[in-house]
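# Structural description and commentary
Here's the letter readout for the chains.
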Number of protein chains: 2
Amino acid sequence: MPYDPSAFPPFAVTVDLVVLTVRRHALCALAVRRGESPYQGRWALPGGFVRGDEDLATAAARELAEETGLHAHDPAGPVLPNAAHLEQLATYGDPKRDPRMRVVSVAHLALAPDLPAPRAGGDAHSVRWAPVEDLLDQEVGYGREGEQAAPLAFDHARILADGVERARSKIEYSSLATAFCPQEFTVGELRRVYEAVWGVALDPRNFHRKVTGTPGFLVPTGGTTTRQGGRPAQLFQAGGATLLNPPMLRPEA
Amino acid sequence: MPYDPSAFPPFAVTVDLVVLTVRRHALCALAVRRGESPYQGRWALPGGFVRGDEDLATAAARELAEETGLHAHDPAGPVLPNAAHLEQLATYGDPKRDPRMRVVSVAHLALAPDLPAPRAGGDAHSVRWAPVEDLLDQEVGYGREGEQAAPLAFDHARILADGVERARSKIEYSSLATAFCPQEFTVGELRRVYEAVWGVALDPRNFHRKVTGTPGFLVPTGGTTTRQGGRPAQLFQAGGATLLNPPMLRPEA
DNA sequence: CTGTTTATCGTCAAGCAGACGACTATGATC
DNA sequence: GATCATAGTCGTCTGCTTGACGATAAACAG
């Protein structure tokens, strides 16, 4: 049977990105300010149309590079300095999610280390890192200093919440928390990542025992650093293990 | 800025279903035989186009009902007799995955109890439950009795593998295994579900202690049954808990 | 009645997690 | 330079969970 274009309704397909990082002890997401209607002036997740000859993962990696300058981490390739973890999150296709037309958005989740330089390709007025708490708690509508208190555009609050939940659960049983760290990092820095993502305090001694005792999680690089103050700490890299067994336990409550 | 149809390439959007059940000690998936080109005569996952005014979850539930007569389980609604668990799995959008046109498929995962009656809406020649092992091990190409040994159509082997992996991991930390059981079931039946999905043997005594000791997982209905032979077993229903803490541990290997 | 099957309860040792004490090595402050 | 604050690292102890497995219970088949 030949291809019959009338047999299916046409959709626009986009990728939206939940890009997370840990800055100053807080889990932050990348937000862009919309320059056009609908939701003009509101904050939204970065994203864009999938091109006609482009895979979904490719489109997400392209958008990520355009917005942040980060490369998607290729497990097969070499360890790049500016590499972020990128994975598909979920797909959102409510018929009314975009008032203009029928858009299906394949959301992706990216985890990036704290970027020393601001991202490329956007001016400071239209792109920012915002604490996810601020972005999600804006249903009632008040920012701290007359800041933009409107909720995220479209269904992006839901997408962001799903992405944050994915990140929170995935660092339990995988080594993904290292994606938030620079290439070399200390146990304390890794612990602060867990604390920021989970929003809890962890016992430094038990945490240290756990992560250094899990084979393949961390490999020492030999160096030490004192950038956090206090006694110098050993530097580590992410080891080859991707799944943690047994997992890190997220405290109750 | 008004809606500009030329600004994005049109896509067809479909839902494909990985419907799993446990039959005769084996994890089985629903497969349909393709009646048309491409891949005519090959087995594929059930699925179809998303309609113009339909949500993705709605489309998946509609396809599920059309193929199996099962309802998608609504957590808010009453417990229906023929209810299956349904969740979004992942989205597949390789530009070449369908030779006819650009199709993005939002795969969903459904977990159903073993259906006493064959499914409605399809004749026996074009729909069947097949052990996932058979469906996935056909890359080399030989079935047991001259059976259809060709691999699944399109990228459906990959989708099925992803769905199976999701199910395998999700029954570890959630109560989803009960979705494979009838409304009332015994601990032994639940154990056989785990054994079939994971492909391992579990100690009946430790399993019994674990599931009956996890609060909210199982609630006794008071009845007993002897349908498995041997000493009568207590009947249970799924309790309210959806997350198991601590999780069921899948044996190493 | 005896053997088989399945369910259920108990015991024990090993391992892990949470609570927390103690010590170490830095920089900051007086 | 002594003291303090900070952060890192090593231990100890206790309770809980797990995995291995013995023992008993209640049905059915011969």
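Refer to the structure printed above.
Here we summarise the structure given alongside this text. Just so we're clear, the structure is a prediction, and the values are computed from it rather than from any experiment. (Residues numbered from 1 in each chain as written. Chains lettered and ligands numbered in written order. Predicted model: local features only at pLDDT ≥ 70, side-chain atom pairs only at ≥ 80, totals over all residues. Heavy atoms only, no water.)

## With respect to the overall build of chain A
Rules: Strands here mean DSSP runs of E at least two residues long; helices mean DSSP runs of H or I at least four residues long; both are numbered from the N terminus. The rule is simple: take the accessible area with a 1.4 Å probe, protein chains only, and divide by the maximum for that residue type; under 20% is buried, over 50% is exposed, in between is partly exposed. Note on contacts: a residue pair is in contact if any heavy atoms of the two residues lie within 4.5 Å. Only the protein chains shown count as cover for residues, and the accessible areas themselves come from Shrake-Rupley with a 1.4 Å probe.
Scanning chain A for helices and strands turns up five helices and ten strands. With 253 residues in all, chain A has 46% of them scored as buried. The contacts of chain A with a sequence gap of at least 6 include a subset with a gap of at least 24, amounting to 65%. Of the roughly 12,500 Å² of accessible surface on chain A, 53% is carried by carbon and sulfur atoms.

## A word on helix α3 (residues 156-173) of chain B
Residues and elements named next belong to chain B. The test is simple: The span expected for a helix works out to 1.5 Å for each residue beyond the first. The arc in question is formed by the directions pointing from the helix axis toward the C-beta atoms.
For α3, which comprises 18 residues, the first-to-last C-alpha distance of 26 Å matches the rise-based estimate of 26 Å (1.5 Å per residue) to within 8%. Looking at α3, one finds that the buried residues are H156, I159, L160, G163, V164, A167 and I171. Angularly, the buried residues of α3 cover 135° about the axis, an arc narrow enough to put them on a single face.

## Some details on the interface of chain B and chain A
Under the convention used in this document: Summed over both partners, the accessible area lost on bringing two parts together, with a 1.4 Å probe, is the buried area. By salt bridge we mean one thing: a side-chain nitrogen of Lys or Arg within 4 Å of a carboxyl oxygen of Asp or Glu. Distance and chemistry together define a polar contact, namely a pair of N or O atoms within 3.5 Å, with one atom able to donate a hydrogen and the other to accept it when in protein, and with adjacent residues in sequence counting only for side-chain atoms on both sides.
Listed as interface residues are 31 residues of chain B and, on the opposing side, 31 residues of chain A. When chain B packs against chain A, the two sides together hide about 2,500 Å² of surface, and 62% of this comes from carbon and sulfur. Our count for the contact surface shared by chain B and chain A stands at zero salt bridges. For the pair chain B and chain A, the interface holds twelve residue pairs in polar contact (both at pLDDT 80 or more). Within the residue set of the side of chain B that touches chain A, elements represented by two or more residues are β1 (12-23), β6 (83-92) and β7 (103-111) of chain B.

## Re helix α4 (residues 187-198) of chain B
Residues and elements named next belong to chain B. Taking 1.5 Å of rise per residue, the twelve residues of α4 would be expected to cover 16 Å, and the 16 Å separating its terminal C-alpha atoms lies within 8% of that figure. In terms of residue burial, α4 counts as a mostly covered element, since eleven of its twelve residues are buried. Here α4 has its buried residues at V187, G188, E189, L190, R191, V193, Y194, E195, A196, V197 and W198. Close packing links the buried residues of α4 with β1, β2 (26-33), α3, α5 (204-213), β9 (218-225) and β10 (233-238). One or two steps after α4, the chain reaches G199, where phi turns positive at roughly 70°.

## Re the pattern of salt bridges
One pass over the structure, following the stated rule, counts 30 salt bridges over all chains. Of the charged contacts, one joins R62 of chain B and E63 of chain B as a salt bridge, the two residues approaching to 3.4 Å between their closest N and O atoms. Assigned by exposure class, R62 of chain B and E63 of chain B land together as buried. Between R227 of chain B and E189 of chain B there is a salt bridge whose closest N-O contact spans 2.5 Å. Placement of the pair is R227 of chain B in the loop between β9 and β10 and E189 of chain B in helix α4, with a sequence separation of 38 residues. Where salt bridges share partners, they join E54, R62, E63 and E66 of chain A into one cluster.

## Some thoughts on the protein's contact with DNA strand C
For clarity, the threshold we go by: We call a residue near a given molecule or strand whenever any one of its heavy atoms falls within 4 Å of it.
The immediate surroundings of DNA strand C are formed by 22 residues, with R205, R209, K210 and R231 of chain A together with R205 of chain B found nearest. R209 of chain A has a polar side-chain atom sitting 2.8 Å from a base nitrogen of DNA strand C. One of the side-chain N or O atoms of R191 of chain B is found 3.2 Å from a phosphate oxygen in DNA strand C. Within the residue set of the surface near DNA strand C, elements represented by two or more residues are α5 (204-213) of chain A together with α4, α5 and β10 of chain B.

## Observations concerning the packing of aromatic side chains
Residue and element names in this part refer to chain A. To be explicit about the condition: Classification of ring pairs uses Phe, Tyr and Trp, with its six-membered ring standing for Trp, and accepts pairs whose centres are within 6.5 Å; under 30 degrees between planes counts as stacked, over 60 as edge-to-face, and the remaining range as tilted. Two conditions define a charge sitting above a ring: the NZ of Lys or the CZ of Arg must be within 6 Å of the ring centre, and it must be within 35 degrees of the ring normal.
Tallying each qualifying case throughout the model produces eight aromatic pairs over all chains. An aromatic cluster is defined as three or more aromatic residues linked by ring pairs; in this entry it consists of Y194, W198 and F207. Directly above the aromatic system of W43 lies the positively charged group of R128, at a separation of 4.6 Å from the ring centroid.

## Points about unusual backbone geometry
Residue N245 of chain A is joined to P246 of chain A through a cis peptide bond whose omega torsion reads 0°. Of note, the amide linkage connecting S37 of chain B to P38 of chain B takes the cis form, showing an omega dihedral of -5°. You can see P38 of chain B is positioned in the loop between β2 and β3 (43-44). With a phi close to 70°, H25 of chain B is a non-glycine residue in the positive phi region. Relative to the helices and strands, H25 of chain B is located in the loop between β1 and β2.

## Regarding the protein's contact with DNA strand D
As a reminder of what qualifies: Any residue that is not Ala, Val, Leu, Ile, Met, Phe, Trp, Tyr, Cys, Pro, Asp, Glu, Lys or Arg is counted as polar, Gly included; the first ten are nonpolar and the last four charged.
Taken together, the neighbourhood of DNA strand D is formed by 23 residues, with R205 and R231 of chain A together with R205, R209 and K210 of chain B sitting nearest. Among all atoms of DNA strand D positioned within 4 Å of the protein, those belonging to sugar or phosphate total 49%. Between R209 of chain A and DNA strand D, the recorded distance is 3.3 Å, taken from a side-chain N or O atom to a base oxygen. One of the side-chain N or O atoms of R205 of chain B is found 2.6 Å from a base nitrogen in DNA strand D. Among the elements of the structure, α4 (187-198), α5 and β10 (233-238) of chain A together with α5 of chain B are those that each provide at least two residues to the surface near DNA strand D. Of all the elements, α5 of chain B adds the most residues to the surface near DNA strand D, at four residues. Each residue belonging to the surface near DNA strand D can be placed in one class, and the counts come to five nonpolar, eight polar and ten charged.

## Observations regarding the relation of the copies chain B and chain A
Look at the two chain copies: a rotation about an axis and a shift along it is all it takes to match them. Put simply, the rule reads: A least-squares fit on C-alpha atoms brings the copies together, and the residues used are those whose pLDDT is at least 70 in both copies.
Taken as rigid bodies, chain B and chain A are interconverted by a rotation of 180° and an axial shift of 0.0 Å, the fit giving an RMSD of 0.0 Å. Here the symmetry operator amounts to a two-fold rotation axis. Taken together, the interface assignments show that 100% of the residues at the interface of chain B recur at the interface of chain A, consistent with an identical surface on both copies.

## With respect to the packing of helix α3 (residues 156-173) of chain A against α4 of chain A
Residues and elements named next belong to chain A. What counts is decided by this rule: Here an angle of 0 to 180 degrees is reported between the N-to-C directions of two axes, which are lines fitted to C-alpha atoms, with helices fitted over the stretch in contact. By definition, any crossing whose near helix is turned counterclockwise from its far helix by less than a right angle is left-handed, and any crossing with a clockwise turn is right-handed.
It is at 9 Å that the axes of α3 and α4 come closest, and there the two elements cross at 145°. Crossing hand, α3 versus α4: left-handed. Judged by residue contacts, A167, R168, I171 and E172 of α3 engage Y194, V197 and W198 from α4.

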